[in-house]
Structure formats: C-alpha cells, structure tokens
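Examining the three-dimensional arrangement
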Amino acid sequence: MPQVEPTPPLLDVRDLVTEFPTRTGVFTAVNGVSFSIAPGKTLCVVGESGSGKSVTARSILQIVDQPGRIARGQILLRGPDGNMLDLAMLDPRGRAIRAVRGARIAMIFQEPMSSLSPVHTVGDQIIEALRLHLRMNKTEARAEAISLLGQVEIPDPQKAVDRYAFEYSGGMRQRAMIAMALACKPQLLIADEPTTALDVTTQAEILDLIARLQKAHGMAVLFITHDMGVVAQIADDVLVMNQGVVKEYGPVEQIFHAPKDDYTKMLIGSVLKLEHKAEARASRPPIDMTATPILDIQGLTMKFGEFTALDKVSITLQPGETLGIVGESGSGKTTMGRAVMRLYDPSGGRILYRRADGAQVDLAELHGSDLKAVRRELRMVFQDPFGSLNPRMTVAQIIAEPLLVNGIARGRQLDERVCHLMEQVGLNPATRERYPHAFSGGQRQRIGIARAITLNPRVIVADEATSALDVSVRSQVLDLLMRLQDELGLAYIFISHDIGVIRYMCDRVGVMYRGQLVEVGAADKVCNNPDHPYTQALLSAIPRPDPRDRDRSRRFRYRAEDQPEPARAVG
Amino acid sequence: MLRFIAKRFLWMIPSLFAVSFLAFVLIQLPPGDYVTTYVATLASSNEIVDQNAAAQLRERFGLDQPMIVQYSKWIWGIVTRGDFGLSFEWQQPVSGLIWERMALTLVLAVVSLLVTWAIALPIGVYSAVRKYSIGDYGFTIFSFLGLSIPSFLLALVLMYVAAVHFGQSVGGLFSPEYENAPWSFGKLLDLLHHLWLPVIILAVSSTASLIRVMRANMLDELPKPYVTTARAKGLSELRLLLKYPMRIALNPFISTIAWLLPNLISGSVVVAIVLNLPTAAPMLLQSLMAQDMYLAGAFVLLICALTLIGSLISDILLALVDPRIRLE
C-alpha cells in the first residue's frame, strides 16, 4: 500500500502529568504521557489496574475525580478550522471545556448501570445532551433520541426512550450509553473499559457496534482496556501504560508481534500463556475417569420462585480433577457452585459426596452437624478479593477463623498453622498481623485461598476466582491453585466465564446455558473443537489476542429457540 | 399504584382501632383515675370530698363502668358524631379544645420545617461539594453547636435577648390584647411578630442535624459514575448537581415525612412549655398527668393517625420520585 500523506492528528497529547495531592505528598497518576490520534483511527490504551489509563482518559475532558489535577502538559484538540485548542489550559468548570465535553469529545464508561442515572429515563438523559449542545427543541430532541436508540439497535426505540436504565439489560445499557455519547456526533469517543462488565458475546456485539458507528461518522476512538484480546481486534495504535508512564507506543502489529519493552512482552506473554494448557497439566497423566467420583451430581435442580436457575444438571467430579464450568452471566454456573456448597437448598436432585472413609452422603439432604462436618471438606474461593475479606480482621484472624470455629487449634499451635498456610500460598508470614487493605488484589486472593485450604478440604469450589485480577497476576494465582492441587490432592470445581483460564488449568469442562449443562468434555476438546453450537458461538465471540486474526464474520450468536429440539441439552 | 394506595388506606382502619385501644389501656394503666387526681388536688387545698361525692363524680363521667365499655362508648362517639368526649379537667368537649391548638401547632411546625429545609439543604449541598473547605468547616462547627445546645437553653437566652434588648413581649404566640380576640388581620400580624422566636429555636437544632444528613447523602452520591457521566456530557456544575445527585440525595428526606407529622404534636414539649406556646404538646403532657383520658386519648389517636397518614404520604411521594420503587 502506498504511504499517503499522514493526516494531522485530531488530538495531540504532549507530556501530560496528572497529580493527586494526598496527605503524604503528591501522587503522580499520569507521568509525562504523550500520544496522538488521527481522525477515524482507534488508539487503545492498555495497562493493568493502577496504570493510570483511566486518569489519562479523564484528564482529556478534565473530569478527573477530586482532588486530581493536570499539573503539566498539553492536550491539543484540532478544531474544524484547523486551530488547535489546548484543553489542559481551560478552566475545568468553565464554559469552554463544557462546550467540548459531550459535543466534540464524548465518553462512555465501564459500568453502564451506575453510569446512567437511576431516576431519569434513558431518553431524558440523551435529550439533555441534544438540547444542551445542539439547541434542539423538545420535540426535535425526542425524535432524535429515538432515532439514536434505533441506530444502536435497541429494539422498539419508541418505547425504550421512556424506560429507565434498570429496565434495560447490561448490553442494552451500554448501547444506550453509546447512543448518548454519539448524540452530538463527536469527533472523538473515549471508551473507558466499555465491555469489561459484559459477557463475551455481548462484548463482541458492542465492539462491532462501535466499529460500525466509527466508520459511519469518521470518528476517532480512544479505547481503554486491560483485555489484550480486545486490543488485538480493534486497535490501530496501542499505548501500553504501567504506573503512570508509557511503556510502549506503536502500531498494533508491532506491539503484538515485535514488542520492544519488557513490560509489554510480559503482558503479551501472560495473555498468550492462557491460550494453551498449563505445562503442569499438559505433562500430567490424565485423570482416571473410571475411579469412583468424589462428587456425583444427579439431576440437580434449583428454582427461585418461577425461575429455574438449574435444570436437572448431572455431572461428576473425580478425585484430583479440575472441572471447569463456563457460561454467560445468568447461565446458572454460580448457582450450581453454591448449591453444591449447600449455600442454597436445592429444589431437586442429588449431590452424592464420597467421604474420605468411602461412605457416600447426599449433600442435598444433610442437616445440622452432619452438614457441618462435610462442609469442612468442601470449601469455597470467591470472586471479589476485596469484598470477601472482612476489613476489620487481620490476615491471621481471617485465615485462623475456620480453625477456631471448628475448635481445631488455638494459641501457639494456631499461629504456627497460620504461618505455614501463608507460606503455602506464597505470602510472607511476617505480614500476618496486617489488615486486608494492605495487600494487593492478587495477594488478597491468596489469603482467600489460604482460608479455603485451612481445614484440609478435599473439594474446592472456585467461583470466578481470578476474574477480578490483572492478567499478569491471574496466571500466578492459577499456578498456585494447581500446585496446591498436586500437594494436597484437591479436586476443584472452577467456575469461570473466561475460556482462557478454563483451558489453562481444567481437565474437563461443562458448558452451561440457561440453567442446563449443554456440553461436557475434555478441556482440550471443548475449548478447541466443541460439539454444541452454543459452545461454538461462545468461542467465536472471544477476541483473539492476535491482530492478524481479525475475522469478525465467523462470530455468531446462539439462541436456543433457533435450534432443532435434540441439540438443546445433554446429560 | 392506585391499588397499592387503596390497600394502604384500608389497612389504616384496623391499625387505628388497634392503636387507639392500646392508647386507651395505657392511659388507664396507672392506679387511680381522673377523680382520684381531682380529689387529691382538692385535698391539697384543704377541701374534703367524701366517698359519695367521688362515686357520684365517677358515675357522671362513666368511670365506674368496665374499661371496654368506656372505650366502646368513646370510639362510637368519634365514629358516629365526631365527638371525642369531654375533657374532665376543662369541662369542655375535647374537639373544641384541640383544633385551635392543632392549627397553631401546624402553622408553627410547617414554618419551622420550611425554614429548616431552606437553610439546611443548600448548606448541606455546599458542605458536600466543597468538602474540607473553610466554608464546610464553618458550617460543621455551626451544626455541632446547634446540635449540642439544648433547645430550652436557647429558648431562655433568646427570650432574654428579645425582651431586654428589643423590648418584645415574649412567650406565647400572641400579645395579651389578641389572645382571646377573634381572628383578624391584626391578630395575624401579631402572630407573625411572635412566631419568629419559636421558629428560630425549633429550626436551629433540626437545621444542624439536617445539614449533616444532607452532607452525608450528597457525599455518597457525588462520586457515583452517573455524576461523572453528566459532567462528561458538558452540563454546568450547578445544573448537574441539582438534576442528578441532589435529586437522589433528597430521597431519604421524603421518608422522614412519616415521623415529621406526629412530631407536630409530641415534639418540642420543652420548648413549648418554656415559651408558653399555645400548642398541642403542653396540653398533651398536662392531660396525661391529670389522667384526663379522653383528651389524652384524642391526642394519642391524632398522633397515630398522623403517623399513618405521614407514612402513606411519604410512600406515595417516594414512588413518585423514584421509578425503581414505582415500577417494582
């Protein structure tokens, strides 16, 4: 392709520094960041939590949370007349910057539910932007809002315009946010992790939608994400950030296939690592499927009123095995984990658990002290490493609690057990008197794991145990789980929406869809060559972390209604 | 929605009966009755009432009948004739006694409520938006002072200041010449002239707590993502504050209407006594002490009815302003 004259950038950020004054000094969240975006192009800003990518995006519109402020640098926005306007120089409350916000640069956010007002209709919030910047009257603005909702493919926009955000599904909310952002035909759309809270299939649709509208309007997109797969699919250029500084900046091809910086290499490496089975698992002899299963779930059904969350789910778990459960939100995978833990009382079916002495008990029917005794052998690791640890207990107290509650150890002996457990999960025992807030997300998840293995359990249910973690930490925690599995002879039920994680560590996978188990099979088979059309659709929606592999046409969405009857469920 | 309101209305009827009965029993619970108190009062002024006369009095008031009969008669009178019975102490129909006091109480309460909201809500919002600024600290000091000064003390101090330095007649809501006069424009002016003192006193403490509540509500709402969204849309700071976080921060206040109404009667007793206000609270206290049970019963019934009406109003208002409740 012949090199054309480079278009002048729409936005040119030079040496941006954004600071947060704190009690102990000034924290520099963004430290000398420079980049530019040409009209119609997509720049992805990637980085892990705390990298400053969100603050960079918010600095452009001067909407950094208090007490953050732009300390230095220029943010030059090219006007229609070719003049450059330095946004960094404007008063953050002034008229000039407000005329840019929403009109020339619009923004969408990560959590579409909380980003829309709960007490105003979606239409009201779109109309507001139209009236503010385009000076439309009420009737015009309403008609335009309906047309915008139609453009983002919201069904029945005439009615949807008068609905509230909580009446929309997650994907629809993000579509409404996009409609609102695009209301005034901005030259630049800043998208701050817009698909992180969505399922992969919904994410694929939203990414397609943004790409389509970008093309139609010739709009530039600044896309902030931590998901390298998304980056590979949509970016023209990539800016890799870590701890407030730019690690690498270049075309997407270079970042993925010829990264220069060590941090970029590590980031790409940890993503690619999850594209294959873990070495520790690939080299291990296969699980003996003929042995008596430790857990035999038969026809497990769970109803919440009229709603059937689990519909006759049957699956087994072998000793020492990792069984993955995948599915989208609402598929019933979390309900299944909790029903197995007897956090819910199942509406029907049996959960046969074989105890260490060979006796088989039905967890669905146990009560009182029998249930309590069995619960020591089945433990859980939760998704949210922040919410699942009591902030007012020290780490030692958190880990020791199961031992105390069950009257197993006390005093010096207890302390020794806690130290040993912390070493097992790779934490320094000297830190045991600290509180959870002093630990990073990955460390907190290790604390949660230490708490789970305290009572020498035999089965651990891990519900999205790594989905709140950064990708570099994610594989470390997975490796820890596999090491503990080998050391302690644990069997895992590993619930996740992330196929990469499942492929990395699971032996077998069950795929759930609307409360039913649609496919069960060896992890390699299900993750690479699935039989069921739903699994195929799920896999097709996952963004591949390779910019050379950008075929959107193979994506499709599965709907049970469209399928011939026999294909619906197995088992 | 209409069904919900109708259902709530129907439920109010048995609740009212239950509470009125309970109130009646509670008032009767202390040993003795109004006649005992009356005899004791007379005895203290060396008038001896013999047993016969006391029994006659009891018969006349119907106090010799079983409680359930007394209650039935009383409630029947209310339901059929709007007759709340006779106040023993005042020797007047209860209904004649309470309505004027209730009207004045209402005026006082509504005015102090409006003053409170008008001062507290903007300050609360300001304090939250300019958190840890000099203004915020100033208002915080003021709020804590207002919270910690007992209102009767403030009443005494202000009365002293008003009487000594401004030469105003303090105490009561009217000047002596208007006290028993029929309503006229002059009387209204006189009322306004007297009203500011109790309004200030009543408003100070509730303003103080309201500022803190509003500030906390706003601080909860301000960091929410929808505020950032509105800002990114290009709205001016004032407009977005009023439209988004303030709207949601006001919701808890609507819930408080449920207990504002009964407070009309039973609240601010001490201030009303210190200022000698002709409002409901001192009369309720006096009737309870004298075991003047029809008068006390009428007040308790009113408090109860106002509580029920108040919670109905706040539920309806909440449903109107918050679609999450309305559409459930």
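Chain B carries the name ABC transporter permease subunit in an unreviewed UniProt entry, which gives Paracoccus litorisediminis as its organism. Of the comments in the UniProt record for chain B, the one headed Sequence similarities (unreviewed entry) reads "Belongs to the binding-protein-dependent transport system permease family."

Under an unreviewed UniProt entry, the name given to chain A is Dipeptide ABC transporter ATP-binding protein, and the organism recorded is Paracoccus litorisediminis. What the UniProt record of chain A gives under Subcellular location (unreviewed entry) is the line "Cell inner membrane". UniProt, in its Sequence similarities (unreviewed entry) section for chain A, records the words "Belongs to the ABC transporter superfamily."

**Points about empty space enclosed by the protein**
Across all of its chains, the model carries seven cavities of 30 Å³ or more by this definition. Here the largest cavity defines a volume of roughly 80 Å³. Looking at the largest cavity, the residues that line it are A:Gly102, A:Ala106, A:Met107, A:Ala129, A:Met180, A:Ala181, B:Thr229, B:Ala232 and B:Lys233. Every element with two or more residues in the lining of the largest cavity is listed here: β6 (105-108) and α7 (170-181) of chain A together with α9 (225-232) of chain B. Its residues assigned to classes, the lining of the largest cavity shows six nonpolar, two polar and one charged.

**As for the domain arrangement of chain A**
Residues and elements named next belong to chain A. In terms of domain boundaries, chain A breaks down into domain 1 (11-273), domain 2 (279-377 + 457-567) and domain 3 (390-454). Computed over C-alpha atoms only, the centres of domain 1 and domain 2 are separated by 35 Å. Of the residues lining the interface, 30 residues belong to domain 1; the matching set on domain 2 comes to 23 residues. Buried area between domain 1 and domain 2, summed over both chains or domains, comes out near 2,500 Å², and the portion from carbon and sulfur atoms is 50%. Counting across the interface, domain 1 meets domain 2 through two salt bridges. The interface formed by domain 1 and domain 2 contains 12 residue pairs in polar contact (both at pLDDT 80 or more). Of all the elements in the fold, those that place two or more residues in the side of domain 1 that touches domain 2 are α8 (200-217), α9 (228-234), α10 (252-257) and α11 (262-273). For the side of domain 1 that touches domain 2, the per-class residue count stands at 15 nonpolar, eight polar and seven charged.

**Brief notes about the domain arrangement of chain B**
Residue and element names in this part refer to chain B. You can read the domains of chain B as domain 1 (2-93) and domain 2 (99-326). Each of domain 1 and domain 2 was reduced to a C-alpha centroid, and the two centroids are 32 Å apart. Contact with domain 1, which involves 30 residues of that partner, is made by 24 residues of domain 2. Across the interface of domain 1 and domain 2, roughly 2,400 Å² is buried in total on both sides, 74% from carbon and sulfur atoms.

**With respect to the packing of aromatic side chains**
Taken as a whole and judged by the stated rule, the model has 14 aromatic pairs over all chains. A centroid spacing of 5.8 Å and a plane angle of 10 degrees characterise the contact between A:Tyr164 and A:Phe166, whose relative ring orientation is stacked. Here the aromatic residues B:Phe21, B:Phe24, B:Tyr71, B:Trp74 and B:Tyr294 are joined through ring pairs into a cluster of three or more. Over the ring of B:Phe174 we find B:Lys187, and its NZ or CZ is 4.7 Å from the ring centre.

**Regarding the UniProt feature "domain: ABC transporter" (unreviewed entry) in chain A**
Residue and element names in this part refer to chain A. UniProt feature "domain: ABC transporter" (unreviewed entry): in the numbering of this structure it lies at residues 11-268 and 295-539. The annotated region residues 11-268 carries 39% helix and 28% strand content, and the separation between its end C-alpha atoms amounts to 27 Å. Helix makes up 38% of residues 295-539 and strand 26%. Its end C-alpha atoms lie 28 Å apart.

**Describing the pattern of salt bridges**
Between side chains of opposite charge, a pair can form when the charged atoms approach closely. All names here are of chain A. Taken as a whole and judged by the stated rule, the model has 37 salt bridges over all chains. In this structure, arginine 281 and aspartate 486 form a salt bridge, with 3.4 Å as the shortest nitrogen-oxygen distance. Of the two residues, arginine 281 is situated in helix α12 (residues 279-282) and aspartate 486 in helix α18 (residues 471-488); the sequence distance between them amounts to 205 residues. Looking at aspartate 486, the relative accessible area reads 43%, which means it is partly exposed. A salt bridge links arginine 508 to glutamate 321; its shortest N-O distance comes to 2.5 Å.

**Remarks on the UniProt feature "transmembrane region" (unreviewed entry) in chain B**
What UniProt calls "transmembrane region" (unreviewed entry) maps, in this numbering, to residues 9-29, 103-129, 141-163, 195-214, 248-275 and 295-321 of chain B. What you have in residues 295-321 of chain B is 100% helix and 0% strand, and the ends, taken at the C-alpha atoms, are 38 Å apart.

**A closer look at the sheet that holds strand β9 (residues 237-242) of chain A**
All names here are of chain A. Strands sit in the order β6-β7-β8-β3-β9-β10 across an open sheet of six strands; the sheet is mixed. Of all strands in the sheet, those bounded by a partner on one side alone are β6 and β10 (245-251). Each neighbouring strand pair of the sheet contributes to a mean axis angle of 15 degrees, computed without reference to strand direction. Two elements, β6 and strand β7 (residues 188-192), share four bridges in a ladder whose sense is parallel. Across the sheet, residue alanine 106 finds its bridge partner in β7, namely leucine 189. Helix-sheet contacts for α7 involve β6 and β7, and the interaxial angle to β6 is about 170 degrees.

**Section: the state of the cysteines**
Two cysteines joined by a covalent bond between their sulfur atoms form a disulfide. All names here are of chain A. Going through the model one piece at a time under the given rule, you end up with zero disulfides over all chains. Considering cysteine sulfurs only, cysteine 527 is the nearest to cysteine 506, which forms no disulfide, with 7.7 Å between them. Classification of cysteine 506 by relative accessible area gives buried; the value is 0%.

**Description of the packing of helix α15 (residues 395-405) of chain A against helix α17 (residues 441-453) of chain A**
Residues and elements named next belong to chain A. Running from N to C, α15 and α17 cross one another at 25 degrees; their axes reach a closest spacing of 7 Å. Considering their axes alone, α15 and α17 lie roughly parallel with respect to each other. You can see that α15 and α17 cross each other, and the crossing is right-handed. Facing α15, whose interface residues are Val395, Ile398, Ile399 and Pro402, α17 presents Ile447, Ala450 and Arg451. Here the contact of α15 with α17 is built from residues that sort into six nonpolar, no polar and one charged.

Cut-off values and rules
- Residues numbered from 1 in each chain as written.
- Chains lettered and ligands numbered in written order.
- Predicted model: local features only at pLDDT ≥ 70, side-chain atom pairs only at ≥ 80, totals over all residues.
- Heavy atoms only, no water.
- UniProt positions renumbered as here; feature names shortened; annotations may be inferred.
- 1 Å grid on protein atoms, 1.4 Å probe; cavity = no way out; pocket = protein on both sides within 12 Å on 5 of 7 lines; lining within 4 Å.
- Points joined across faces, edges and corners; volume = space filled by probe spheres on them.
- Helix = DSSP H or I, 4+ residues; strand = E, 2+ residues; numbered from the N terminus.
- Nonpolar A, V, L, I, M, F, W, Y, C, P; charged D, E, K, R; others polar.
- Domains from an automatic or database assignment.
- Contact = heavy atoms within 4.5 Å.
- Buried area = accessible area lost by both parts, 1.4 Å probe.
- Salt bridge = Lys/Arg side-chain N within 4 Å of Asp/Glu carboxyl O.
- Polar contact = N/O pair within 3.5 Å; in protein donor to acceptor, adjacent residues only side chain to side chain.
- Phe/Tyr/Trp six-rings, centres within 6.5 Å; stacked < 30°, edge-to-face > 60°.
- Lys NZ or Arg CZ within 6 Å of the ring centre and 35° of its normal.
- Buried < 20%, exposed > 50% of the residue type's maximum accessible area, 1.4 Å probe, protein only.
- Pairing = 2+ DSSP bridges.
- Axes fitted to C-alpha atoms, helices over the stretch in contact; angles between N-to-C directions.
- Disulfide = S-S within 2.5 Å.
- Parallel < 35°, antiparallel > 145°, perpendicular 65-115°, else oblique.
- Left-handed = near helix turned anticlockwise from the far one by under 90°.

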